[in-house]
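Okay, here's what each chain looks like letter by letter:
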Amino acid sequence: MAELTAALATGDWSHASKRALAIRDSYILKQKLSDAELAELEHALPPDFKELDARFHRHAEALAHAAEDRDGELAGFYLGRMIEGCIGCHARYASHTLPGFKAAAPAAGHGH
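Residues numbered from 1 in each chain as written. Predicted model: local features only at pLDDT ≥ 70, side-chain atom pairs only at ≥ 80, totals over all residues. Heavy atoms only, no water.

Trainee: What is the right way to look at the overall build of the protein chain in this model?
Mentor: Each helix and strand in the protein chain was counted, giving five helices and zero strands. A buried classification covers 25% of the 112 residues belonging to the protein chain. Looking at the protein chain alone, contacts between residues at least 24 apart form 53% of all its contacts between residues at least 6 apart. (Helix = DSSP H or I, 4+ residues; strand = E, 2+ residues; numbered from the N terminus. Buried < 20%, exposed > 50% of the residue type's maximum accessible area, 1.4 Å probe, protein only. Contact = heavy atoms within 4.5 Å.)

Structure, rendered in structure tokens:
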């Protein structure tokens, strides 16, 4: 994502499009699982996770097309949507490994 952001910020449209397409085609879990393990995981994943993931990859593809068209405003829009997707998914499904997404403890003595 950082490389994609830098490419957009510098107007390197070709590189931005290639990075966005690489992100669209990636699925981090596929890189470490056998076909059988992947099938089991796909069955076990909650529908909401699958939708968040699919949306993220659609936004990456849309960003790639915007970069190909040298449309910085639209590419920036889709970059923002991708980042929102990262934050939403990580907050919901990865707070156990990304401590910044752990819910804050309520303040002591403060009651509503």
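Now that the structure has been shown, we can carry on.
Trainee: Whenever I open this one, the packing of helix α2 (residues 13-25) against helix α4 (residues 47-68) confuses me. Can you help?
Mentor: For any two helices packed against each other, the geometry is given by the interaxial angle and the distance between the axes. At a minimum axis distance of 8 Å, the contact between α2 and α4 shows a crossing angle of 160°. Here α2 is positioned roughly antiparallel relative to α4, judged by the angle of their axes. Here α2 and α4 pass one another in a crossing that is left-handed. The residues of α4 that touch α2, namely those facing Trp 13, Ala 16, Ser 17, Ala 20, Leu 21, Ile 23 and Arg 24, are Phe 56, His 57, Ala 60, Glu 61, Leu 63, Ala 64, Ala 67 and Glu 68. The residue inventory of the contact of α2 with α4, partitioned by class, reads 10 nonpolar, two polar and three charged. (Axes fitted to C-alpha atoms, helices over the stretch in contact; angles between N-to-C directions. Parallel < 35°, antiparallel > 145°, perpendicular 65-115°, else oblique. Left-handed = near helix turned anticlockwise from the far one by under 90°. Nonpolar A, V, L, I, M, F, W, Y, C, P; charged D, E, K, R; others polar.)

Trainee: Just checking my understanding: could you explain unusual backbone geometry for this structure?
Mentor: Glycine aside, negative phi is the norm for most residues, and most peptide bonds take the trans geometry. Residues other than glycine seldom take positive phi values, yet Arg 70 does so here, at roughly 55°. You can see Arg 70 is positioned in the loop between α4 and α5 (72-93). Among the residues examined, Arg 70 registers a relative accessible area of 63% and is labelled exposed.

Trainee: Mind showing me how you'd approach the side chain of His 59 here?
Mentor: Relative to the helices and strands, His 59 is located in helix α4. With residues up to four places along the chain from it excluded, the contact list for His 59 reads Tyr 78, Arg 81 and Met 82.

Trainee: Before we go on, may I ask you to explain a negative patch on the surface in this structure?
Mentor: A cluster of acidic residues, Glu 68, Asp 69, Asp 71 and Glu 73, forms a negative patch on the protein surface. The residue Asp 69 is located in the loop between α4 and α5 in this model. (Patch = residues over 30% accessible without salt bridge, like charges linked within 9 Å, V, L, I, M, F, W, Y side chains within 5 Å. Areas by Shrake-Rupley, 256 points an atom, 1.4 Å probe, with all protein chains shown as cover. Salt bridge = Lys/Arg side-chain N within 4 Å of Asp/Glu carboxyl O. Lys, Arg positive; Asp, Glu negative; His and termini not counted. Charge placed at Lys NZ, Arg CZ, Asp CG, Glu CD.)

Trainee: What am I meant to see in the packing of aromatic side chains here?
Mentor: For any pair of aromatic rings, geometry is given as the distance between the ring centres together with the angle between the planes. The full count for this structure, using the stated rule, is two aromatic pairs. Ring geometry for Phe 49 and Tyr 93: centres 5.3 Å apart, planes at 90°, overall edge-to-face. One end of the pair, Phe 49, is in helix α4; the other, Tyr 93, is in helix α5, with 44 residues separating them in the sequence. By relative accessible area, which is 24% here, Tyr 93 ends up partly exposed. (Phe/Tyr/Trp six-rings, centres within 6.5 Å; stacked < 30°, edge-to-face > 60°.)

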